[in-house]
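# Structural overview for review
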Amino acid sequence: MSPLTANQQQMLADNAWLHFCQMGNFVSTNARPLVLVRGEGSRLWDHEGREYLDALSGLFTVNVGYGRHEIIDAIAQQLQSIAFVSPFGFPSLPLLELAGKLAAIAPTGPASRSFFVTSGSEAVEAALKMAKAYQRKQGFPERTKVVARRGSYHGVTMGALSATGVPEYRKGFGPLVPGARHVPPPYPYRCRHCAQCSACTGGCADDFEEILEFEDPTTVAVVIMEPVQNSGGALVTPPIYIQRVRELCDHYGIVLVADEVINAFGRVGGWFGSSELGLRPDIVTVAKGITSGYAALGAVIASKQIADAFLGTDDNKFMHGSTFGGHVGSCAAALATLGILEREQLPERSRQVGAWLLQRLREVFADHPNVGDVRGKGMFIAIELVRDRETRESLSQEVQLMEWLSDQLLQHGLICRADDRMEPVIQVAPPLVMTMEELDLLVHRLTDVLHVLGRRLDSVPARYAAVPLPAASAVPPVATPARSPSIAA
Ligand code: PLP
């Protein structure tokens, strides 16, 4: 039986259109959509009262957890004062305060300027336009190319989609914005240069340089990358690559954009992924965690050097904008969110607890024949699934694996993401407030799901017996984290 009334079921079948979703699957009256109706901390409840552990923070978004009245009250209070201020030349008070706070923590430096939008896609779109316009202002109109990574996801608007390196998103919408080029992502587990070495040899950076040279770097306007890439499963960019990309961008005058739509606001530990990995970007794009999902907001944070290029006469301005960009309610939500992140030291908690969780998952799945790699940073972790951990044989040809796995995760009361945009992975990105007991439960449930996967693939129990797990009380306490750079600075 569906959790919806007949009327609601009808509207789902006929009127609603969900994102990246085959709506035909909902046409049958037997369709049983998951209807989430309540959230508290890291827990969610569906329409029928079933409880789930949210190990994906909604969609890498709800960093401070559900049910934060402080954020809800901040939005309400703001809207009671004034519900809308046009961003076309009118500075709202929460927007100003938020821009100041972001400048205090951004990896683009304390004189950064923030341009507010409503989503990650819009942030990337605006950043790419800003970078191209900047190059023109510097006297380089021939610099039009965008270099991104294969397998990366940067959003759905035409510019962001052109930078996106996942073929399934791109096909069917051509011609895309010309000039996008894609380089292989650093992917240590399957790196053709150093997968069998004890450390990164920098071959991925050589690949990047080679493609840049081939394209003629004087035609490249911008390089865009996530410090820790989501699509493909928490691919942490190695230090050698970070350093070389920055050097090459400096050398050739290319703008470097860090897409931190997921990475920022504690997800990978620290305020920003760039700062965590030692990357010095010229522009940072953010969204998702900036309001923890309580309101729609994105931002392009530009260094002083980029922003100053748009000062001067009226015809030198950044010719871009949208009605809801930097909405007052969203800025109020962001200020309250940043306040919680700072007060509860959640970026540091993510760093420490994330390291613990990574280690725990590595231990627990050390002998699982279908777990090839467990990787990530902070509360941003991926488990790469393989047919055979010895040979690293891919599971990408296993029929309907992602659908089956998604269903298994839900059946075990877990909201994670089974993703095969590159190799099949389970993505784990809990709210930064998930308690140690809940994290322990998460590990237990994942163990159960992977045990069932092993059965499906005929590799368990013959070669793997689930490691007995300690009770929640045996989980070691996390040390009180050191203080982070303050947004009050
Ligand atoms: N950039 C990155 C790295 C993302 O992960 C996403 C979304 O997941 C986007 C951009 C697009 O953000 P949005 O879905 O808010 O448009």
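Attention here is on the structure that accompanies the text. Numbering of residues starts from 1 in every chain and runs along the sequence as written. Since the coordinates come from a predicted model, pLDDT governs what is reported: local features require at least 70, and pairs of side-chain atoms require 80 or more to be given and counted, while whole-chain, interface and lining totals use all residues. Only hydrogens and water are removed before side-chain values are computed, so all heavy atoms of the structure are retained for them.

## Examining the overall build of the protein chain
Check the secondary structure of the protein chain and you find 15 helices and 18 strands. Here the globule rule is a power law, 2.2 Å times the number of residues to the power 0.38, and the radius of gyration is based on C-alpha atoms. Computed over the C-alpha atoms, the radius of gyration of the protein chain is 23 Å, within 12% of the 23 Å expected from 2.2 N^0.38 for a compact globule of 489 residues. Overall size of the protein chain, expressed as C-alpha extent along the three principal axes, is 70 × 55 × 50 Å. Between buried and exposed lies partly exposed: a residue is buried under 20% and exposed over 50% of the maximum accessible area for its type, with that area taken using a 1.4 Å probe on protein chains only. Taking all 489 residues of the protein chain together, the buried fraction comes to 56%. Helix and strand assignments follow DSSP, with helices taken as H or I runs no shorter than four residues and strands as E runs no shorter than two, numbered in order from the N terminus.

## Description of the packing of aromatic side chains
Each Phe, Tyr or Trp ring, with Trp reduced to its six-membered ring, pairs with another whose centre is within 6.5 Å; inter-plane angles below 30 degrees give stacked pairs, above 60 give edge-to-face pairs, and intermediate values give tilted ones. Enumeration over the complete set of coordinates arrives at 8 aromatic pairs. Measuring from centroid to centroid gives 5.5 Å for F310 and F318, while their planes differ by 70°, and the two rings are edge-to-face. The exposure classification of F310 matches that of F318, with both residues buried. Taken together, the ring pairs in this structure connect F20, Y153 and Y169 into an aromatic cluster. Charge-over-ring placement is defined geometrically: NZ (Lys) or CZ (Arg) within 6 Å of the ring centre, and within 35 degrees of the ring normal. Cation over ring: R143 sits above F140, and NZ or CZ is 5.1 Å from the ring centre.

## Section: the side chain of H154
With respect to the helices and strands, H154 occurs in the loop between strand 5 (145-149) and helix 6 (158-163). Residue H154 is classed as buried on the basis of its relative accessible area, which comes to 3%. Distance and chemistry together define a polar contact, namely a pair of N or O atoms within 3.5 Å, with one atom able to donate a hydrogen and the other to accept it when in protein, and with adjacent residues in sequence counting only for side-chain atoms on both sides. A distance of 3.2 Å separates a polar atom in the side chain of H154 from a polar atom in the side chain of S152. A distance of 2.7 Å separates polar atoms of two side chains, one belonging to H154 and the other to D259.

## Remarks on the pattern of salt bridges
When a carboxyl oxygen of Asp or Glu is within 4 Å of a side-chain nitrogen of Lys or Arg, the pair counts as a salt bridge. Under the counting rule described, the total for this entry stands at 27 salt bridges. Notably, a salt bridge pairs D282 with R246, separated by 3.3 Å at the nearest N-O pair. On the criterion of sequence distance, the pair formed by D282 in the loop between helix 10 (273-277) and strand 11 (283-286) and R246 in helix 9 (residues 239-252) is long-range, its members being 36 residues apart. For D282, a relative accessible area of 14% gives the class buried. Across the pair E393 and R387 runs a salt bridge, and its minimum N-O distance is 3.7 Å.

## Structural notes on a nonpolar patch on the surface
The residues that make up patches have over 30% relative accessible area and no salt bridge, and they are joined within 9 Å when like-charged or within 5 Å when they are Val, Leu, Ile, Met, Phe, Trp or Tyr. Surface accessibility in these figures is a Shrake-Rupley result with a 1.4 Å probe; residues are shielded only by whichever protein chains are displayed. Taken together, the side chains of L34, L36 and L410 define a hydrophobic patch exposed on the protein surface, amounting to about 220 Å² of accessible area. Among the structural elements, L410 can be located in helix 14 (residues 401-411). Of the residues examined, L410 reaches a relative accessible area of 33% and is grouped as partly exposed.

## A closer look at the pairing of strand 3 (residues 51-54)
As paired elements, strand 2 (residues 43-46) and strand 3 share 3 bridges and run antiparallel to each other. What sits directly across from L44, in strand 3, is Y52. Counting the residues in the hairpin turn of strand 2 and strand 3 gives 4 residues, including G49, whose phi is positive at 85°. Any two strands between which DSSP finds at least two bridges are classified as paired. Direction of pairing for strand 3 relative to strand 16 (residues 414-415): parallel, over a ladder of 2 bridges. Counterpart to L53 in the pairing with strand 16 is L414.

## Remarks on the nonpolar core
Among buried residues, those of type Ala, Val, Leu, Ile, Met, Phe, Trp, Tyr and Cys that are joined through side-chain atoms within 4.5 Å constitute a nonpolar core. Judged by nonpolar contacts, the single largest core of 66 residues is most densely connected at F265, I383, L442 and L446. Whether two residues are in contact is decided by their heavy atoms: any pair within 4.5 Å suffices. Those residues in contact with L446 that lie beyond four places of it in its chain are L361, F365, I383, L409, L414, C416, I426 and V428. Membership of the second largest hydrophobic core comes to 35 residues, among which are L44, I254, I262 and I415.

## Observations regarding the site of the ligand
For the ligand, the full set of nearby residues is S119, G120, S121, Y153, H154, G155, E226, D259, V261, I262 and K288. At a separation of 3.2 Å, an oxygen atom of the ligand approaches a polar side-chain atom of K288. Taken by itself the ligand offers 390 Å² of open surface, and the protein chains cover 82% of this. In this count, Pro and Cys sit with the nonpolar residues alongside Ala, Val, Leu, Ile, Met, Phe, Trp and Tyr, while Asp, Glu, Lys and Arg are called charged and the others, Gly among them, polar. For the shell around the ligand, the residue count by class is 3 nonpolar, 5 polar and 3 charged. We call a residue near a molecule or strand whenever a single non-hydrogen atom of that residue lies within 4 Å of it.

## As for the state of the cysteines
A disulfide bridge is the covalent bond that connects two cysteines by way of their sulfur atoms. The disulfide criterion is simple: two cysteine sulfur atoms within 2.5 Å. Here the structure, examined in full by the defined rule, presents 0 disulfides. C197 carries a free sulfur, and the closest cysteine sulfur to it, the one in C194, is 5.5 Å from it. The partly exposed category is assigned to C197, whose relative accessible area is 37%. The structure places no disulfide on C200, whose sulfur is separated from the nearest cysteine sulfur, that of C204, by 4.5 Å.

## Observations regarding the sheet that holds strand 2
A sheet is described by the order of its strands in space; here 4 strands give the open sequence 1-2-3-16, paired in mixed fashion. A single partner strand is all that each edge strand has here, and the edge strands are strand 1 (36-40) and strand 16. Where helices are involved, their axes are fitted lines through C-alpha atoms of the stretch in contact, as for all axes, and angles between N-to-C directions lie from 0 to 180°. Of the strands in this sheet, strand 2, strand 3 and strand 16 are in contact with helix 15 (residues 436-456), which crosses strand 3 at around 100°.

## Here's the deal with the side chain of Q9
Note that Q9 resides in helix 1 (residues 6-14). In this structure the side chain of Q9 is engaged in a polar contact, spanning 3.2 Å, whose partner is the backbone oxygen of A31.

## Some words on helix 4 (residues 93-105)
For helix 4, which comprises 13 residues, the first-to-last C-alpha distance of 19 Å matches the rise-based estimate of 18 Å (1.5 Å per residue) to within 8%. Where helix 4 is concerned, the buried positions are P94, L95, L98, A99, L102, A103 and I105. Residues of helix 4 that are buried make contact with helix 3 (69-81), strand 4 (113-117), strand 12 (298-302) and helix 12 (328-343). Of the residues that open helix 4, the one with a side-chain oxygen 3.2 Å from the backbone nitrogen of L95 is S92. To estimate the expected span of a helix, subtract one from its residue number and multiply by 1.5 Å.

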